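# Understanding the architecture of this molecule
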Amino acid sequence: MSISLATSTRDIKMDESVKYLKMYEEAKNFISPQRKKWHKYYDAYRSYRQTGKDPWKANLFIPYTFSTIEQLLPALVLAKKTFTAIPTKELFVDTAEKNSKLLQYQWKRAKMDLRCINWLKSALIYGLGVGKCTWDLKYNKRGQVIYDDPAFHNVDIFDFFPDPSSIELDLSDADYAMHRRFMSKKELEEAGFDVSLIHGDSSEVPQEKRQRYTTEGLQPQVQKGKIEILEIWIKDDRVVTLALDGGSQLILGEKDYPFQHGELPFVLATDYPDLHSLYGIGEPETIYSLQVELNALRSQRMDNMNLILNRMYQLRKGSGVDPKQAISRPGGIIWVSEIDRDIKPFDMSDIPMSTYREEGELKSDINTTTSVGSYGRGAGAGGSTPETASAVNTMGEATSSRNMLKANLFEWTGLKRLGEMFYALDQEFVDQEKMIRVIGDEGAEFVNILPEDVLNHYDIEVSISPPPPENLALAKSQMLELYSLMREDPQVDQIKLKKIVLDSFNVPSLDGLVQEPVMTLPNGMPVPGAEAGLPAEGGMPQGGSVQPPPSPPQQAPTISRGGRPNPGKKLLQSVFGGRRIPSGRTGIKGVR
């Protein structure tokens, strides 16, 4: 089943098009101040430098905003997303797993792993990422169905015009939302629209987009072959398609709402929610003034360095010295009659050391604001003294809690609504049996989906599993601290502990590096039947010649059962993320 926004031929009054155009203008004017700020934030992300009046002055842009966003993005994109259909009644249990696998399959079919990048990047830059969820039906040239599933399309935030009164991220309080598109006449005809009344074949680039193109180094003024189209989605009522042709408006189509779920098809993701606005807060907004100050400070230091290396001179009038000779150059000579009178350099003092400390404070303020520290940026501690493992661990925990909230917010506001919308579309459009292939941890699995399998009622839940530690330096520091706590603990298998530590440093091969101890007799021969790590028959110790029984070992660095837990065990749980440690990963007795 396909979705078309076209309508049958019908007379529509001109005042209706005027009404829709007025709605569009009101929505556009409402967010006009917000769009001006978005341009600043996008410029900061792209490290865009305004052309200065003095060409000799430094015009540096330190890409701290860029590094902040690109550091936060992988943790959200690379996290594994799992959709689960939870039955609302015991009667629906049998098909719950099928529906969960169907959602996982459709996630891959819609290329959501790729589309999430721009969706979430928009949320991090502007504070809001917008996507549109519809049902797509596509055929190849031979008329065979090649796609018949939910689809997700990223929507440029500059082309999204929601109800100005809406503040809820699920758009539950919005009566309508508009999506501006630029389509060719061929695309409109394929969608079922009558284009005979459209006279133009191009459209001007909107002013707000033109400014962004300037940041990207482009200068397009006209989009040839593209018509400006406005899709007006009126919740659970109708969808109106309006063509803005050369300053006039023409209704191309108007039809009943195409989806039974009745919701607006837009799915929003945010970085920091705003209490009083649908548009959230992005990372550049929180650090914009600090970024400007950092740029100015570094540019001033560069100017000072240039003036020191390329000095200015005082020339006595009438000295006959050619000013071009005073330009600094390798092997240059300035011919003068009296060196003390004809020419004298300006003495430029070096910039004070306090400016270097100020730069460090600026970066610290940015790191504190964004929760992306120097270790997260791969820059180390940034000071002359390296951070201790405990300090690194503390910073990592603070960063992880902020990032975990971001991931959960993305899950609650974006992914859950997307999963519910996918499933609502399945209930409406899955009208025939289909075989799907689901690729999981254990390989490919084929699942047969029947129309009646998706008709039951389920709650759709989404879980996000974090990717491997994004900060390898932090993970290594934790592992070294773990080793220092447990290397003398007699209850710990030291061989296995060393292998875990080496494995955390990605040592290519551990074979032969850590050897199992072998018990030997005084003549150097191994004791028959002795196995590494186990006492030989008769209680003889291993790892060397036969020796007298060892003295009682010193008290292990652990606390009695009535006290607090072993700090080493606590750290181990931190290293493994609080998850159950697989059997064989550690030699610590009793730790699971």
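From a predicted model like this one, the values you see are computed outputs, not experimental measurements. (Residues numbered from 1 in each chain as written. Predicted model: local features only at pLDDT ≥ 70, side-chain atom pairs only at ≥ 80, totals over all residues. Heavy atoms only, no water.)

## Focus: the packing of aromatic side chains
Under the definition given, this model contains 20 aromatic pairs. With 6.1 Å between their ring centres and 70° between their planes, Y41 and Y288 make a pair best called edge-to-face. Taken as a pair, Y41 in helix α2 (residues 32–45) and Y288 in helix α8 (residues 283–309) lie far apart in primary sequence, 247 residues in all. Plain terms: the ring middles of Y42 and Y45 are 6.4 Å apart, the flat faces sit at 40° to each other, and that makes the pair tilted. Placement of the pair is Y42 and Y45 together in helix α2, with a separation of 3 residues, close to one helical turn. Owing to a relative accessible area of 11%, Y42 belongs among the buried residues under this scheme. For K40, the ring lying beneath its charged end belongs to Y288, and the centroid distance is 4.8 Å. Stacked on the ring of Y147, the Lys or Arg K138 has its end atom at 5.7 Å from the ring centre. (Phe/Tyr/Trp six-rings, centres within 6.5 Å; stacked < 30°, edge-to-face > 60°. Helix = DSSP H or I, 4+ residues; strand = E, 2+ residues; numbered from the N terminus. Buried < 20%, exposed > 50% of the residue type's maximum accessible area, 1.4 Å probe, protein only. Lys NZ or Arg CZ within 6 Å of the ring centre and 35° of its normal.)

## Here we look at unusual backbone geometry
Only a minority of non-glycine residues have a phi that is not negative, and only a minority of peptide bonds are not trans. The backbone of K111 shows a phi angle near 55°, a positive value even though the residue is not glycine. Even without being glycine, L171 reaches a positive phi, approximately 60°. Its place among the elements puts L171 in the loop between β4 (160–162) and β5 (176–183).

## Details of the packing of α2 against α8
It is the contact of α2 with α8, at a shortest axis distance of 10 Å, that shows an interaxial angle of 75°. The orientation of α2 relative to α8 falls into the category roughly perpendicular. Listed contacts from α8 to K37, K40, Y41 and A44 of α2 are P284, E285 and Y288. Residues of the contact of α2 with α8, tallied by class, amount to 4 nonpolar, no polar and 3 charged. (Axes fitted to C-alpha atoms, helices over the stretch in contact; angles between N-to-C directions. Parallel < 35°, antiparallel > 145°, perpendicular 65-115°, else oblique. Contact = heavy atoms within 4.5 Å. Nonpolar A, V, L, I, M, F, W, Y, C, P; charged D, E, K, R; others polar.)

## Let's talk about the sheet that holds strand β3 (residues 145–155)
Spatial strand order, β3-β2-β11: 3 strands in an open sheet with antiparallel pairing. Each of the sheet's edge strands pairs with one partner strand only, and the pair in question is β3 and β11 (266–270). Strand after strand, the sheet turns through a mean of 25° between neighbouring axes, direction not considered. Relative to β11, strand β2 (residues 128–139) is paired through 5 bridges, and the arrangement is antiparallel. Bridged to K132 within β11 is F266. Along the sheet face, helix α4 (residues 96–109) touches β2 and β3 and points at about 70° away from the line of β3. Contacts from helix α5 (residues 112–126) reach β2, β3 and β11 within the one sheet, and its direction differs from that of β2 by about 155°. (Pairing = 2+ DSSP bridges.)

## Focus: the pattern of salt bridges
The full count for this structure, using the stated rule, is 22 salt bridges. We note a salt bridge from K101 to E445, for which the minimum N-O separation is 2.6 Å. With K101 in helix α4 and E445 in strand β17 (residues 443–449), the pair connects residues that are 344 residues apart, well separated along the chain. By relative accessible area, E445 is classed as partly exposed at 34%. For E283, the salt bridge goes to K406, with nearest N and O atoms at 2.7 Å. Of the two residues, E283 sits in helix α8 while K406 sits in helix α11 (residues 389–429), which places them 123 residues apart along the sequence. (Salt bridge = Lys/Arg side-chain N within 4 Å of Asp/Glu carboxyl O.)

## Quick word on empty space enclosed by the protein
Evaluated as defined, the whole model comprises 2 cavities of 30 Å³ or more. A volume near 50 Å³ is recorded for the largest cavity. L76, L120, A123, L124, T270, D271 and K406 together form the lining of the largest cavity. Sort the elements by how many residues they give to the lining of the largest cavity and α5 lands first, with 3 residues. For the lining of the largest cavity, the class distribution of residues is 4 nonpolar, 1 polar and 2 charged. (1 Å grid on protein atoms, 1.4 Å probe; cavity = no way out; pocket = protein on both sides within 12 Å on 5 of 7 lines; lining within 4 Å. Points joined across faces, edges and corners; volume = space filled by probe spheres on them.)

## A few points about the side chain of S100
Tracing the backbone shows S100 in helix α4. What makes S100 buried here is its relative accessible area of 13%. Of note is the side chain of S100, whose polar atom sits 2.8 Å from the backbone nitrogen of A85. For S100, the residues in contact, after removing those within four places along its chain, are F83, T84 and A85. (Polar contact = N/O pair within 3.5 Å; in protein donor to acceptor, adjacent residues only side chain to side chain.)

## Structural notes on the nonpolar core
Core analysis: the biggest nonpolar cluster contains 88 residues, and W119, F266 and L418 have the highest contact counts within it. Excluding its chain neighbours within four sequence positions, the residues that come into contact with F266 are V130, G131, K132, V155, F160, L171, A177, H179, W233 and R417. Ranked by size, the runner-up nonpolar core spans 9 residues in total, among them L188, I198, I227 and L252. (Core = buried A, V, L, I, M, F, W, Y, C linked by side-chain atoms within 4.5 Å.)

## Quick word on the layout of surface pockets
In this structure, the second largest pocket spans a volume of roughly 1,400 Å³. Looking at the second largest pocket, it is lined by 45 residues, and the ones nearest its centre are K132, H153, H179, R181 and E231. Of all elements in the fold, only α2, α5, β2, β3, β5, α6 (185–190), α7 (207–215) and β8 (227–234) reach the threshold of two or more residues within the lining of the second largest pocket. Sorting elements by how many residues they give to the lining of the second largest pocket places β2 first, with 8 residues.

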